[in-house]
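Topology and contacts: notes
Given next are the chains, with one letter for each unit.
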Amino acid sequence: MQQAALVLNASLRFRYTLDLKKEEQKEEVKKKFRAQAHVKRAVSRYKEAARVNVEPKETTDAAPHVDGALGFGIEVEQLTALTRDNNYSTLQKYGGISGIANMLKADTKKGTCGDDPDLKARQNAFGSNTYPRKKRSSFLAFVWDACNDLTLIILMVAAAVSLALGIVTEGIKEGWYDGASICFAVLLVVFVIGTTDYKQSLQFQNLNEEKQNIRLEVVRGGRRIKVSIYDLVVGDVVPLKIGDQVPADGILISGHSFCIDESSMTGESKIVNKDQKSLFMMSGCKVVDGYGTMLVTAVGINTQWGMLMADISEDSGVETPLQVRLNGVATFIGIIGLYVAVLVLIVLVARYFTGHTYNPDGSPQYVKGKMGVSATISGIVKIFTVVVTIVVVAVPEGLPLAVTLTHAFSMRKMMRDKALVRSLSAFETVGSATTICTDKTGTLTLNQMFVTEAYFGGKKMVPTDNTEMLSASVLTMIIEGIAQNTSGSIFEPEDDQAPDVTGLPTEKAILSWGLQLGMKFNETRSKSSILQVSPFNSEKKRGGVAVHVGDSEVRIYWKGAAELILESCTDWLDADGSKHSMIPEKVGEFKKLIEDMAVASLRCIAFAYRPCELSDVPNKGQKAGWILPGDNLIMLGIVGIKDPCRPGVQDCIRLCTAAGIKVRMVTGDNLQTAKAIALECGILTDPNVSEPIIIEGKTFRALPDLEREEAAEKICVMGRSSPNDKLLFVKALKNKGHVVAVTGDSTNDAPALHEADIGLSMGIQGTEVAKESSDIVILDDNFASIVRVVRWGRSVYANIQKFIQFQLTVNVAALIINVVSIVSSGDVPLNAVQLLWVNLIMDTLGALALATEPPNNNLMQRPPVGRREPLITNIMWRNLLIMAFYQVAVLLTLNFDGQNLLQLKHDNHAHAEKVKHTFIFNTFVLCQVFNEFNARKPDELNVFKGITRNHLFLAIIAITVVLQVLIIEFLGKFTSTVRLSWQLWLVSIGLAFISWPLALLGKLIPVRDHPFSDSSCPRMFELDDSCLLIFLGVKFILMVKCVGHYASCSYKS
C-alpha cells in the first residue's frame, strides 16, 4: 500500500511525491486493453469451436484481396488486423504460416536475408519496433515548476512591492536596487533548480530506455544473431525459450511444450499453451515453459503492447525510502523554520513600531506621527522579506535533491561498471547488504565451457573425440542425442568457414564436442523427426526428447545432472553396443567417476536413452499431454565440462569479507563440484568442511523451520539446489536479520529474486522474467560487478550523510545568527539577497558538490550500514556541532562588537555598519566553502584525499569563490555590501581557514559510532525518527543563544 504524507510546497521542495492521479490513469488504460484482449480471445475461441464442430462446406470463397506494401505481398493494415483479431480463417485463406512468410519474403527456417536494404524496406513498409514516447517536459516546464514554490512566490511579490515603493520614494535611479536584487536572486535560484532537475530528468529517461533495450536472438540468413529489440522487423523469425519476452506480435511456427503467460495483457494468470490451434502471439507476454519459433507480423505501435505503452508513462513517480525519510526531515525542519519566522516577524514588527529599529546612521526607522504611508509600508515589506527568506533558508530542499542527484550520478556511472539499476529502493539498500547468495556458473566462473573428459561405452575417451573406440551404432546414438536433445543451434556455412554454435554455454560446449565427433547438425536432425520434448529447467535438472527414427522405432533421449540420470538407469551400453544390467558394482564405478570429475571442478552431464515403440506414442490429439517416460533408461555415458574461475574473483571475495559481507554459493551443480569451485574462489578455506557449511538442497529443505534458520547462518555452499531451495534460504537468512542480495538467471529464480532485499539478475544469461523480477541487472554476469554495485550503494548513503552534515551546519548557523541578532538588537546581519545566495550554496551547489563524490575503497573497509541505522551518526553530530558553534561564536561576536574588532570606530557610523555586515556575510560564506571540504570526509583526518578525482567538486568550489568575489567587489548595490580592503579579505579567509584545523582537532575526540544500541533505545534513533533529535538540538541552541545574547545586550545598555 502506498503511504501518503503532508509535505510543504510539494511542487518544488519535494518533487517526487507519488502522483495518484497518474497511477489511476495508467490502471484505466491497462483495464481497457485487457478488456479488448478478453473480447478477442472469446471471439477467437468461438470461431475455433465453430471451425471444429461445423462440418466444412464446399466453398468458392476466394482469398482476401491483398495489396502489396512497397514490394511485399501484404499491407501493414491487413497484417496487423490478422494478428490483432486472432483471425485463424483469414490466416488459412492467406495460405497459412508459409503463405504469410512468402508474402513477407521470408523463410520460416532461415528468416529474412538480413542485409541493410532489406531491413530498411521492411521498416518503411511495416514500421519499426518502437512506440511513441510521452513528450519530454521542456526545460521551461522545469523552470515553471521551480517558480511554483510558495515561499519563492511570496518573495517575488515582496520584491515587486519593494521595487515599486523604492521607485516612488527614492526615484528610479536609486530606488530600484533593493527590489531588483531580490528578484534577480530568486530568478537565479529558480533557474539553477530548473536546470538541475531538467538534467536529472534526461538522465533518468535515458536510463529507462536502456532498461527496455532487450537483446534477443533472431534468425537472419539461416544464422542466429543477437539484435536489439528495437531493430526487430516484420518477417523476422525469432527463437523463444523459457523466460523470454515475446518481442512483437506474431504467429507460432513451431513449438514444443510451449506455454505463454499472457497476464501482462489479459490480467489473467492462466498459462496459455501455444500450438497449431493457438498460433497467435502477443508482444509483452512471457514464455514460462518449452521453446519454439515465431514469425513476426507486427512491430511497434501496430502491436497491442505498443498501443498500451504509447498510452501510459513509464515513470511511476514512486519515492524511494531514503527520499521519503529525507522529505520528512526537510518538512519538519521547515515547520520549525516557519515557527521561528513567525517569532521573528512578531519581534521585528513590535520593534519597528516602538521605534527600536534603526537606520545605518543610528536614527530610528519609524517615528510615530512623522512617517508617511509609503515609508511605513516599505519598512514592513523589508521585514516581511527577511522573514520569508528565513523560511527559504530553513527548509532544506537540498536533502531530497541530493538523493536525486546522487541516484542519477551513480546510475550513470554504474552503467560503465556494467550494472543497470531497475529499482532505486534496492539500490539504496544494497549498501546495507550483509550476505550475497551467488550463483556459480557465469558469475564466479567465466561461463566459457568446453568438454575436457568423456566416458562412453564403459571406457574413458582419450582424447575426448576418439571415436575409434566406439562402434558405429553407439556413435550414431550419441550424435543423434546431442543434435536432437538441445535448445542450441549450429549454423553451417556453405564455404569452408567454421560452424557457428549458438545457445546456452552448456549446450554450446556439448554441441562443439559433437562437432569434434563428426556430427553434421542439420543432416542429423533431418534423418529423424521430433515427436515430443520435455525441456530442461532448473527444477528437473534434465531434459528429454522423443525421436521417431524410422519404421516403428522411437528413441527417447535424456541428458542432465549425472547422478540424477544415473538413478534412473537400469542398464548401460558398452563400446560395441551391447546392453548390460546396471549392477551395484557398475553403479559404484559411475558414482566414483562422477565424484572424481566433480573434485576436479567439472560439471558432470550424463546421456541416456530409452527405446520405445511408435504404438506407445499417444495420437496427435493426446500428444500435447504426453509426459516422456524418464525411468528404465540405458546409460550411454558422461562428459565432464570445465568452466574456469574468473580472474580476480578471489580478491573480490576477500574484499567482501573485509567489508562484513558473507558470500555464499548457491548452485544446481554437484556438491563436490561446488565445493571445488568454492575452494578455488576463496569462499571456502578448509577442504575438510562438512554439513551444514556445505549442504545439498534436498537436505536443507527437509530441515524443520527453526533448524533451517540456524543452519542458514552457517551455510557457505549449497549444491544441487532448486529455485525453491534458494527461496527458502533467502527467507531463512532474512528471518535471522540479514540484508540479503541474491543473484539469479533463470525464470524459476524469480521468486527468490523478488523475496530478497536486493535481486541481482544476469544480463547475458539471465532470462527476461528473471530481469524483470530483479532490482539490478549485472550486464557482464561478473561477480566483480556485484562488488562494485555494493560499493556504489554504500557511496550513495555516505554522500547523503556528507550533505546532511554540511547543510545542517549551515542551517543551524544561519538561523541562530539571524534570529539572535534580530531578537537582541533588531539588527539583520544577513539580508534577503545574501540569505538567498547562502541558500543556493548550501542547497543546489552543495548537493552537486557532495552528492556526486565517487566511491573509494575505504567504503569496503567498514561494516554494512544497518537496516535501521540513524542517518545522523555520533560522528556527524560531533562535526556538525563543532562547526556550527564555531561559526555562531565568531559571527555573533562580530555582529555585536565588530566595529571595535575590525577597527572601524573612526569610520562613518553608517559605512562602518555596512563594512561590518559585509565582512560577516563574506566570512560566513567562506566558512561554508572551507566546511565543504570537511564534509567530504566526516570520519577521516585527510579531507583532501582523492579530491583531484572529483572535478565537479573543485569546479563548484571555484565557481562559489569567484561569484563571492564578484558579489563583494562589484555587486554591492544589489547585495547591500561594500568593497572590503585586502586586509579584511585576509582576516575573513583566516577565520574561515580555522575551520580546517578545528575540524581536524574535533575528529580526535572519540565518540561511539552509533547514538545508542537498539536494546537501550529501540525507537528514538530509528532512521525515520532521527529527525526529531535534529529539531530538539536546533531548538535548544536557539533558546540558549537567544537568552544569553539578549541578556548580554541588555546588560551593556
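Look up a bit, the structure's there.
About the thresholds
Residues numbered from 1 in each chain as written. Predicted model: local features only at pLDDT ≥ 70, side-chain atom pairs only at ≥ 80, totals over all residues. Heavy atoms only, no water. Buried < 20%, exposed > 50% of the residue type's maximum accessible area, 1.4 Å probe, protein only. Helix = DSSP H or I, 4+ residues; strand = E, 2+ residues; numbered from the N terminus. Pairing = 2+ DSSP bridges. Right-handed = clockwise from strand over helix to strand, strands pointing away. Patch = residues over 30% accessible without salt bridge, like charges linked within 9 Å, V, L, I, M, F, W, Y side chains within 5 Å. Areas by Shrake-Rupley, 256 points an atom, 1.4 Å probe, with all protein chains shown as cover. Salt bridge = Lys/Arg side-chain N within 4 Å of Asp/Glu carboxyl O. Axes fitted to C-alpha atoms, helices over the stretch in contact; angles between N-to-C directions. Parallel < 35°, antiparallel > 145°, perpendicular 65-115°, else oblique. Left-handed = near helix turned anticlockwise from the far one by under 90°. Contact = heavy atoms within 4.5 Å. Nonpolar A, V, L, I, M, F, W, Y, C, P; charged D, E, K, R; others polar. Arc of directions from axis to C-beta. Phe/Tyr/Trp six-rings, centres within 6.5 Å; stacked < 30°, edge-to-face > 60°. Lys NZ or Arg CZ within 6 Å of the ring centre and 35° of its normal.

1. Observations regarding the pairing of strand β24 (residues 740-744)
Of all 5 residues making up β24, 5 are buried, and the element is well covered by its neighbours. Here β24 shows two buried faces, one formed by Val740, Val742 and Gly744 and the other by Ala741 and Thr743. Pairing analysis gives 3 bridges linking strand β9 (residues 435-438) to β24, with the strands arranged parallel. Considered in β24, the bridge of Thr435 is made with Val740. As defined by bridge partners, β24 adjoins strand β25 (residues 758-762) across 4 bridges and the pair is classed as parallel. Within the sheet, the bridge partner assigned to Val742 lies in β25 and is Gly759. What joins β24 to β25 is helix α26 (residues 750-755), and the crossover it makes is right-handed.

2. With respect to the environment of Ile882
By secondary structure assignment, the location of Ile882 is in helix α30 (residues 874-901). On the basis of relative accessible area, Ile882 is assigned to the partly exposed category, the value being 21%. Distance from Ile882 to Leu1001, taken between C-alpha atoms, is 10.0 Å for residues 119 residues apart in sequence.

3. Here we look at a nonpolar patch on the surface
Judged by side-chain polarity, Ile959, Val962, Leu963, Leu966, Phe970 and Leu971 come together as a nonpolar surface patch covering roughly 510 Å² of accessible area. Mapped onto the secondary structure, Leu966 falls in helix α32 (residues 951-970).

4. Examining the packing of helix α29 (residues 832-850) against helix α31 (residues 909-936)
As a packed pair, α29 and α31 sit with axes 11 Å apart at the nearest point and diverge in direction by 15°. Considering the angle they form, α29 stands roughly parallel to α31. Crossing of α29 against α31: the hand is right-handed. Judged by residue contacts, Gln834, Trp837, Val838, Ile841, Leu845, Gly846, Ala849 and Leu850 of α29 engage Phe921, Phe924, Val925, Glu932, Ala935 and Arg936 from α31. For the contact of α29 with α31, the residue count by class is 10 nonpolar, 2 polar and 2 charged.

5. A short note on helix α21 (residues 649-658)
Buried within α21 we find Val649, Cys652, Ile653 and Cys656. Looking straight down α21, one finds its buried side chains confined to an arc of 95°; they lie on one side. Of the residues in α21, the exposed ones pointing more than 90 degrees away from the buried face are Arg654, Thr657 and Ala658. In the segment just after α21, Gly660 is the residue with positive phi, at about 80°.

6. Thoughts on the packing of α30 against helix α35 (residues 995-1002)
Between α30 and α35, whose axes approach to 10 Å, the crossing angle comes to 145°. Classified by chirality, the crossing of α35 by α30 is right-handed. When α30 is examined against α35, the residues Arg878, Ile882, Met883 and Tyr886 are found in contact with a partner set consisting of Ser995, Leu998, Ala999 and Gly1002. A breakdown of the residues in the contact of α30 with α35 according to their chemical character gives 5 nonpolar, 2 polar and 1 charged.

7. Remarks on the pattern of salt bridges
On inspection of all chains with the given rule, the structure shows 30 salt bridges. One salt bridge connects Glu262 with Lys274, and the closest N-O pair in it is separated by 3.2 Å. Of this pair, Glu262 sits in the loop between β4 (249-261) and α10 (263-266) while Lys274 sits in the loop between β5 (271-273) and β6 (280-281); the two residues are 12 residues apart in sequence, bridging distant segments of the chain. Judged by relative accessible area, which is 3%, Glu262 ranks as buried. Residue Glu589 pairs with Lys586 through a salt bridge whose shortest N-O separation is 3.1 Å. On the criterion of helical spacing, the pair formed by Glu589 and Lys586 is a turn pair, its members being 3 residues apart in helix α20 (residues 584-599).

8. Focus on unusual backbone geometry
Residues Val462 and Pro463 are joined by a peptide bond in cis, for which omega reads -10°. Tracing the backbone shows Pro463 in the loop between β11 (459-460) and α16 (472-484). A cis amide bond links Glu691 to the next residue, Pro692, at an omega of 0°. Tracing the backbone through its elements, the reader meets Pro692 in the loop between α22 (671-681) and β22 (694-696). One non-glycine residue, Lys418, adopts positive backbone phi at about 65°. You can see Lys418 is positioned in the loop between α14 (398-416) and β8 (419-421).

9. So, the pairing of strand β1 (residues 215-220)
β1 sits mainly inside the fold: 5 of its 6 residues count as buried. With 6 bridges connecting them, β1 and strand β2 (residues 223-228) associate as antiparallel partners. Residue pairing across strands places Val219 opposite Arg224, the latter belonging to β2. What sits between the antiparallel neighbours β1 and β2 is a turn of 2 residues, in which Gly221 has the positive phi angle 65°.

10. Quick word on the sheet that holds strand β21 (residues 662-666)
Across the sheet, which stays open at both edges, the 8 strands sit in the order β8-β26-β25-β24-β9-β21-β23-β22 with mixed pairing between neighbours. One side of each edge strand has no neighbouring strand; the edge strands of this open sheet are β8 and β22. Between one strand and the next, the sheet's axes are offset by a mean angle of 20°, whatever the strand orientation. Sheet contacts for α22: β21, β22 and β23 (717-719); angle to β23, the most-contacted strand, approximately 150°.

11. Overview of the side chain of Thr297
Structurally, Thr297 is set in strand β7 (residues 286-298). What makes Thr297 buried here is its relative accessible area of 1%. Contact partners of Thr297, with chain neighbours within four places excluded, come to Leu79, Thr83, Ile100, Val234, Asp249, Gly250 and Ile251.

12. A few points about the environment of Lys211
Of note, Lys211 is situated in helix α9 (residues 177-212). Measuring from C-alpha to C-alpha, the distance between Lys211 and Glu772 comes to 9.9 Å, with 561 residues separating the pair along the chain. Not counting residues within four places of it along the chain, the set of residues in contact with Lys211 comprises Leu420, Val421 and Arg422.

13. Thoughts on the packing of aromatic side chains
This structure, assessed with the given rule, holds 16 aromatic pairs. Taking the centre distance of 5.8 Å and the plane angle of 75° together, the rings of Phe139 and Tyr198 count as edge-to-face. Of this pair, Phe139 sits in helix α6 (residues 139-147) while Tyr198 sits in helix α9; the two residues are 59 residues apart in sequence, bridging distant segments of the chain. The class for Phe139 is partly exposed, based on a relative accessible area of 28%. The partly exposed category is assigned to Tyr198, whose relative accessible area is 26%. Arranged with centres 5.3 Å apart and planes meeting at 85°, the rings of Phe933 and Phe953 form a pair that is edge-to-face. Note that Phe933 is positioned in helix α31 and Phe953 in helix α32, a separation of 20 residues in sequence. By the burial criterion, Phe933 is buried, and Phe953 matches it. Members of the aromatic cluster, connected to one another through ring pairs, are Phe930, Phe933, Phe944, Phe953, Phe993 and Trp996. Cation over ring: Lys105 sits above Phe72, and NZ or CZ is 5.4 Å from the ring centre.

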